[in-house]
Each structure stands twice: as structure tokens, then as C-alpha cells.
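# Residue-level structure breakdown
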Amino acid sequence: MGSFAGHLLPGTFFILFSVWWSFVTAIRFIQSKYYSTAKKSKANYLASSSMPCICLPSERLRRAPIESYLKFTAGVIGILGEVITAIEFNHVVTPGIGKDDISVFGCDNQSLHEHSHMHKRDSQLQIQPFYFARNNLQHITMYSGFVMQAFVEILIHKGYNLPKQSNFYFALIAYSVEAFLFGFHLLSRAPMDIHLHVLLVYAILGCCVSICLEIYNPSQIMFTYSRILFTMLQGTWFWQAGFVLYPPIDSDYMKWNRCDHNQIMIITNLFCWHLLLISLGLLIQLCVLSRYYCSSKKFRDRFDELIVIQQEWEKKNDQIQIRENGFRETRFFMLESDEDEVYDKNNLSPISSTTSDSPSAKSSQIYNSKV
């Protein structure tokens, strides 16, 4: 990630996913309000860690967890990119001066002059036949957290009976790992570099808090919008950091003094403007989609399938799988609960257990319902 492209890649991922989340979340919220006004309890808003790709042409693809597959693929691409860029053959090691040494950026020109002369006089260059940049291990770990989250979402869609809201908990773990890594990513760096990463950690912590609030109350849209806001802020700030630390054009107008306090304050202002403009964009998007949804029947019919798909997805983490070969339940945690419901295979209606809660009694009820 120590390059311009290395910052643009994760930033693009965060921006694209957050834009899609904002679109689907706005549609779901508008649907809940529209049908509530029409006195039809057809759609109630409920948060989701991933959104169905309702714009795809095939019905099967619209019901598949395409976003989870994309997150998994994007994470793997990021891991491979970090591994490839970390490997270097015949690497030249210059002892004493690192790329983030404060003197290199002009904070202490006299120190830089003496430091460089000392190494020219007393040190010799070392060449390593094989070199792996250890700094890339942190970026690999960051991508791994989101790959794990996507994997859990795929398992839930496949019917594995994981604990409720496992997708949100693993999303919280992924963002927490990212915040922890970038929080300790600041040692021996220039002041502006440190400030950029501290602001990035603030955005990541905002995602963590938003996910905790979504777990507490998944029907509150503002908690979902908060997660979307801070995820998009991460993406745009990755781009901003790439332009500041690794300017793509060798021009004096693109260069920053990484030790100038005034320029560091400009970075703080830029962060605030990122936050304000993203909030304004989300508000405009919600207003435009609300106008089109309420005024266009064609637009409503096109996206009303989203209600059915979301309801199907919500059941996948709760209902017990019943297969044709008899009673079968796929679990990772073999725990009995009084809240467990058994569903009829034909109409997926719950079968109440009035006599006994034992597995044998439930199996008997299923058999009687089939007869």
C-alpha cells in the first residue's frame, strides 16, 4: 500500500460498496415509508450487512449474495497485490535512513546533511537476494478480515445456521482489525503522514460504532447511514492520502511539506469537507430516489422485488433447514434454545411445540405435518 496505486485500490473498493449500500438502503427506507403510508404492512426496514444486486437481469443472480462474492474476490485481489508488491529480489538496504525518516522531509535540514554524510562515510550498502516488505503484512491482515466477513455472509446464504447477526459481528471484527492495524501504523513517520492515518482511524472507529448500533437496533436507518457514511469516508480518504503522500505528478503544486503545521491544518479541513460533502450527497440521493419512487409506477415495480429478496435473506439465518431426506439441521454451535422454530417443508410455516421441546418430539411433529 506504500504507493499511489496501493491507496487507490482499497479506496475504490470502499467507495463502490458504500455507494451501492446507500442506493439499496435508500430504496428500502422509501419502500417502508411508502407502504406504511398506504396502510400496508408490506415492507419494514431492517438493516443488512450486504445488499442484493437488484439491478442484475437474472432472477437467480438477484437473489444470490453477489456482493459477498465480490467482497471476497476484492479482498483476495488486495492480498495478492500486497504479496506481489512486497517481494523484491536483490534489494538494496540502506542502513539508518528509512523512507519515513523525519529529516528526509525537511524538518531538520542540518540533521539530514550530517546524517547523509555520516552514512556515505561509515556505512556500506547491503544487498539482500530476497526481500519481503514486512509493512505489507499489515495490509494483508486488513484484507483478510474483510475476506472472512464475506465468507461468513456466504455461509449464511447457503443455509448454515450460524448465531443471529453473525454477519454484523464479523463486519465489526473486520473494521476493528483495520482500526487496530492503522492505529499502530504511525511509528517513525512524518507528522503529516501520522495525521492522515489518525484521521483514517477516526473514520474506521465510526464504522465500528455504527455497526454496534445496528446490532442494537437494526430497524433504525440512521445507524445504517452512519456505517455507509464512514465507509465512504474511508474510501475517499484513502484517495486523499494517496495524492498527498504519493503525488502522481512530479509538480511543485502537488507536493506537500509533511512537517509544516499550516499544511497539516489544511489536511484537517479537507477531512471535514469530505465528511460534509458525503453527507450532502447521501441526502440528495435519498431525495431524488424518493421522488422517482413515489411518482413512477414503473420504478416501483422494478424495485419492489427487493422487499421479497430481503425477507428471504432475513429468514436464512433463523430457519432450520429441512431437506427431502428427512430432518436435517446444519449447525456450527449445537445449542438448544426455546426460541428455535421448526418450519414445515412445504409452506415454511412454523410448527409450534406444545408437548415437548426435545428433538424427537419436533421430528414427530414434522412427520405428522407431512402426512
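Treat the numbers as computed from the prediction; the structure is a model and nothing was measured.

## A word on the overall build of the chain
Looking only at helices and strands, one finds twelve helices and six strands in the chain. For the chain, the share of sequence-separated contacts (at least 6 apart) that also reach a separation of at least 24 residues comes to 74%. Surface accessibility of the chain: about 20600 Å² in total, with carbon and sulfur atoms responsible for 62%.

## Quick notes on the confidence of the model for the chain
Considering every residue of the chain, the mean pLDDT works out to 76; 72% of them sit at 70 or more. Here residues 99-104 is a poorly scored stretch, pLDDT under 50, and it has 21 contacts once near neighbours within four places are set aside; other chains count. A low-confidence stretch, residues 320-371 stays under pLDDT 50, and its non-local contacts, those more than four residues away or across chains, total 61 contacts.

## Things to note about the packing of aromatic side chains
Considering all chains together, one arrives at eight aromatic pairs under this definition. Their ring planes at 90° and their centres at 5.1 Å tell us that Trp 237 and Phe 271 sit as a pair that is edge-to-face. Residue Trp 237 is found in helix H8 (residues 221-245), and its partner Phe 271 is found in helix H9 (residues 261-295); the two are separated by 34 residues along the sequence. Each member of the pair, Trp 237 as well as Phe 271, carries the same accessibility label: buried. Pairwise contacts between aromatic rings join Phe 14, Phe 146, Tyr 175, Phe 182 and Phe 238 into one cluster. The ring of Trp 21 has Arg 227 lying over it, and the distance from NZ or CZ to the ring centre is 4.9 Å.

## Some remarks on the packing of helix H7 (residues 191-216) against H9
Two numbers describe how H7 lies on H9: the axes approach to 10 Å, and their chain directions differ by 15°. Taken together, H7 and H9 sit at an angle that is classed as roughly parallel. Considering only the axes of H7 and H9, their crossing is right-handed. For the pair H7 and H9, the contacting residues are Pro 191, Met 192, His 195, Leu 196 and Leu 199 in the first and Gln 263, Ile 264, Ile 267, Thr 268 and Phe 271 in the second. Taken together, the residues of the contact of H7 with H9 break down into seven nonpolar, three polar and no charged.

## A word on the state of the cysteines
Formally, a disulfide is one covalent bond, and it connects the sulfur atom of one cysteine to the sulfur atom of another. Counted by the stated rule, this structure contains zero disulfides. Looking at Cys 208, it has no disulfide partner, and the nearest cysteine sulfur is the one in Cys 207, 6.9 Å off. Residue class for Cys 208 comes out buried when judged on its relative accessible area of 9%. The cysteine Cys 212 is free of any disulfide, with Cys 208 supplying the nearest cysteine sulfur at 7.0 Å.

## Some thoughts on the side chain of Ser 210
The residue Ser 210 is located in helix H7 in this model. For Ser 210, the side chain forms a polar contact with the side chain of Ser 226, separated by 2.6 Å. Here Ser 210 is in contact with Phe 223, Ser 226, Arg 227 and Phe 230, once residues within four sequence places are set aside.

## Re the pattern of salt bridges
Inspection of the entire model under this criterion finds four salt bridges. The shortest N-O distance in the salt bridge between Lys 71 and Glu 153 comes to 3.0 Å. Within this pair, whereas Lys 71 is found in helix H3 (residues 66-86), its partner Glu 153 is found in helix H5 (residues 135-158), the two being separated by 82 residues in sequence. Across the pair, Glu 153 and Lys 71 agree in class, each one buried.

## What about the nonpolar core?
By size, the foremost hydrophobic cluster in this structure holds 63 residues, and its most contacted members are Trp 20 and Tyr 175. Apart from residues lying up to four places away in sequence, Tyr 175 is in contact with Phe 14, Trp 21, Phe 146, Ile 204, Cys 207, Cys 208, Ile 211, Thr 231 and Gln 234.

Scoring rules and cut-offs
Residues numbered from 1 in each chain as written. Predicted model: local features only at pLDDT ≥ 70, side-chain atom pairs only at ≥ 80, totals over all residues. Heavy atoms only, no water. Helix = DSSP H or I, 4+ residues; strand = E, 2+ residues; numbered from the N terminus. Contact = heavy atoms within 4.5 Å. Areas by Shrake-Rupley, 256 points an atom, 1.4 Å probe, with all protein chains shown as cover. pLDDT = per-residue confidence, 0-100. Phe/Tyr/Trp six-rings, centres within 6.5 Å; stacked < 30°, edge-to-face > 60°. Buried < 20%, exposed > 50% of the residue type's maximum accessible area, 1.4 Å probe, protein only. Lys NZ or Arg CZ within 6 Å of the ring centre and 35° of its normal. Axes fitted to C-alpha atoms, helices over the stretch in contact; angles between N-to-C directions. Parallel < 35°, antiparallel > 145°, perpendicular 65-115°, else oblique. Left-handed = near helix turned anticlockwise from the far one by under 90°. Nonpolar A, V, L, I, M, F, W, Y, C, P; charged D, E, K, R; others polar. Disulfide = S-S within 2.5 Å. Polar contact = N/O pair within 3.5 Å; in protein donor to acceptor, adjacent residues only side chain to side chain. Salt bridge = Lys/Arg side-chain N within 4 Å of Asp/Glu carboxyl O. Core = buried A, V, L, I, M, F, W, Y, C linked by side-chain atoms within 4.5 Å.

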